[in-house]
Amino acid sequence: MQKLGVVEDTLFIPMLGRIYASEHCPQVLYDKKALELKKKLPSDLIEQNMQNQYTLLASASRSANMDRFIRSFLERRPDGVIVQLGCGLETTYHRCDNGKTHWYAVDLPHVIEYRRGLLSEPEREFYISGDAFVKDWIIKVRNDVLDAPVLVTAGGLFHYFEENKVIALLRMIGQFGNMEVVFDTVNKRGMTMMKKKYMKQVGHAEAQMFFYVDSAEELAAKIGGNVKVVSEEPYYRYIPKNGLKLSTKVSMAVSDRFCMVKMIQLKL
């Protein structure tokens, strides 16, 4: 199997987080499909996992947050379509599918190849090999679903790219009409923490990180056009804290107090 690059290799981090939450903190997230896949992951990955509860639940919380935004979107727009950029080994379809939605999972070709080996394409989720920052994927989606409302999710993706590249992507998405996007990000203080501490704890200190958002309104102004901020909220606001270690609760509280990590939803 092809060796994954530094950034692509981080796709195991969220999977480990979802497995941990499902086994120890199902109130945060329960992911039956992730538990099924555990035995298929490289064994040294599980054995050498040096993360603590907070870093594991940070990943699981991202999935829980994305699930909430996706379910809310599909309640609001039952004819809606979900596109996951940088899908990695995410199993959102298996947690959130409503029985009729069209789903698209986009990632680099060797990641999609690895994903297919673990997770074959379900009935209404289509895998697209390609670069999230090139419009081929969006042309394919729009050809399939025409003018249906689309929610694009980008979980754990934008941190690794320069701001001008992320803004260019958001502008490009906006050109295709009836699009919303939801993503997790950090503010400047959160970026400093991630570079200093978090990426070392998850074993990926070498992964370069660039993009952060201090204000969603300022980001919307940079994108231009008719971009509207639908939501900007602290990352752990809706994550149940019952049963978690005190150190984890404190880390979550500090993060939210200073909006170090957050969820942003835009209407493009």
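Please read these numbers as outputs of a predicted model, since none were measured by experiment.

1. Things to note about helix α2 (residues 12-24)
Then step 1. Over its 13 residues, α2 extends 18 Å from the first C-alpha to the last, a length consistent with the 18 Å expected when each residue adds 1.5 Å.
Then step 2. With eleven of its 13 residues buried, α2 lies for the most part within the structure.
Then step 3. What α2 keeps buried is the set Phe 12, Ile 13, Pro 14, Met 15, Leu 16, Gly 17, Arg 18, Ile 19, Tyr 20, Ala 21 and Ser 22.

2. Considerations on the pattern of salt bridges
Then step 1. Under the defined criterion, the tally for this structure stands at 17 salt bridges.
Then step 2. A salt bridge links Glu 36 to Lys 32; the nearest nitrogen and oxygen atoms lie 3.2 Å apart. With Glu 36 and Lys 32 both in helix α3 (residues 32-37), this residue pair falls four residues apart, about one helical turn.
Then step 3. Taking relative accessible area as the criterion, Lys 32 reaches 55% and is therefore assigned exposed.
Then step 4. When the shortest N-O distance is used, the salt bridge between Glu 232 and Lys 262 registers 3.0 Å. Here Glu 232, found in strand β6 (residues 228-234), pairs with Lys 262, found in strand β7 (residues 261-267); they are 30 residues apart in sequence, far enough to count as distant.
Then step 5. A relative accessible area of 36% places Glu 232 in the partly exposed class.
Then step 6. Judged by its relative accessible area of 2%, Lys 262 falls in the buried class.

The rules behind the values
Residues numbered from 1 in each chain as written. Predicted model: local features only at pLDDT ≥ 70, side-chain atom pairs only at ≥ 80, totals over all residues. Heavy atoms only, no water. Helix = DSSP H or I, 4+ residues; strand = E, 2+ residues; numbered from the N terminus. Expected span 1.5 Å × (residues − 1). Buried < 20%, exposed > 50% of the residue type's maximum accessible area, 1.4 Å probe, protein only. Salt bridge = Lys/Arg side-chain N within 4 Å of Asp/Glu carboxyl O.

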